[in-house]
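Inside the fold
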Amino acid sequence: MTFSDVTKTFATSLPGTDSYVKLRKAMRTLIQDDPKNASVYFLIFGFARTYVMLYEDQEVSPQFAEDNQKLMLSYLNILDEALKKQDAESIYQALNKVVNEYENSKKVF
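Conventions and cut-offs
Residues numbered from 1 in each chain as written. Predicted model: local features only at pLDDT ≥ 70, side-chain atom pairs only at ≥ 80, totals over all residues. Heavy atoms only, no water. Helix = DSSP H or I, 4+ residues; strand = E, 2+ residues; numbered from the N terminus. Rg over C-alpha atoms; globule rule 2.2 N^0.38 Å. Salt bridge = Lys/Arg side-chain N within 4 Å of Asp/Glu carboxyl O. Phe/Tyr/Trp six-rings, centres within 6.5 Å; stacked < 30°, edge-to-face > 60°. Buried < 20%, exposed > 50% of the residue type's maximum accessible area, 1.4 Å probe, protein only. Axes fitted to C-alpha atoms, helices over the stretch in contact; angles between N-to-C directions. Parallel < 35°, antiparallel > 145°, perpendicular 65-115°, else oblique. Contact = heavy atoms within 4.5 Å. Nonpolar A, V, L, I, M, F, W, Y, C, P; charged D, E, K, R; others polar. Expected span 1.5 Å × (residues − 1).

Moving on, we get to the overall build of the protein chain. The secondary structure content of the protein chain amounts to five helices and zero strands. Sequence-ordered secondary structure for the protein chain, helices as α and strands as β, is α-α-α-α-α. For the protein chain, the C-alpha radius of gyration of 13 Å lies close to 13 Å, the compact-globule estimate for 109 residues. In terms of principal-axis extent, the alpha carbons of the protein chain reach across some 40 × 30 × 20 Å.

Okay, structure coming up:
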């Protein structure tokens, strides 16, 4: 399994907490399998974990779930492009971009 595979799977999954549970599990696996990029996987793991903790027992609107899936997918795509370059500087810049975008968002996860 690669980060690209996980991104594609998340993109085609139904919006909702089940997708985030699977995403969280995949990130945990990638942390073990690819420790040199653990910071990327840990960031996404944290986002997915928070989403599940906040919304697994709550009813959310379909629009809310879809909007947040699109937001997470945008983060995944930024990081995926950087990981494909296999360049530490690109990965570092992508991490900073995701963190800054998250800080300027509604912080739903």
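Bringing the pattern of salt bridges into the picture now. One pass over the full model with this rule turns up three salt bridges. A salt bridge links Glu 81 to Lys 84, with the shortest nitrogen-to-oxygen separation between them at 3.6 Å. Placement of both Glu 81 and Lys 84 in helix H4 (residues 62–85) is noted, with a separation of three residues, approximately one turn of the helix. Taken together, the shared-partner salt bridges connect Asp 80, Glu 81 and Lys 84 into one network.

Moving on to the packing of aromatic side chains. Within this structure, the stated rule accounts for 13 aromatic pairs. Ring geometry for Tyr 51 against Phe 109: centres 6.3 Å apart, planes inclined by 65°, an arrangement best described as edge-to-face. Of this pair, Tyr 51 sits in helix H3 (residues 38–55) while Phe 109 sits in the segment after helix H5 (88–103), placing them 58 residues apart in sequence. Here Phe 109 falls in the buried class, since its relative accessible area comes to 3%.

As a packed pair, H3 and H4 sit with axes 11 Å apart at the nearest point and diverge in direction by 170°. Relative to H4, the element H3 lies roughly antiparallel. Packed against H3, whose contacting residues are Val 40, Tyr 41, Ile 44, Phe 47, Ala 48, Tyr 51 and Tyr 55, the element H4 presents Phe 64, Ala 65, Asn 68, Met 72, Tyr 75, Leu 76, Leu 79 and Leu 83 at the interface. Considered class by class, the residues forming the contact of H3 with H4 number 14 nonpolar, one polar and no charged.

When the terminal C-alpha atoms of H3 are compared, their 25 Å separation across 18 residues agrees well with the 26 Å that a helix rising 1.5 Å per residue should span. Along H3, the residues that are buried comprise Val 40, Tyr 41, Leu 43, Ile 44, Phe 45, Phe 47, Ala 48, Tyr 51, Val 52 and Tyr 55. Tucked inside the fold, the buried residues of H3 contact helix H1 (3–12), helix H2 (17–33), H4 and H5.

Our next topic: the environment of Lys 25. Position of Lys 25 among the secondary structure elements: in helix H2. Its relative accessible area of 51% is what places Lys 25 among the exposed residues. Between the C-alpha atom of Lys 25 and that of Ala 48, which follows or precedes it by 23 residues, the distance is 9.2 Å.

With that out of the way, let us pick up the side chain of Thr 7. Tracing the backbone shows Thr 7 in helix H1. Excluding residues within four positions of it along the chain, Thr 7 makes contact with Leu 73, Leu 76, Asn 77 and Asp 80.

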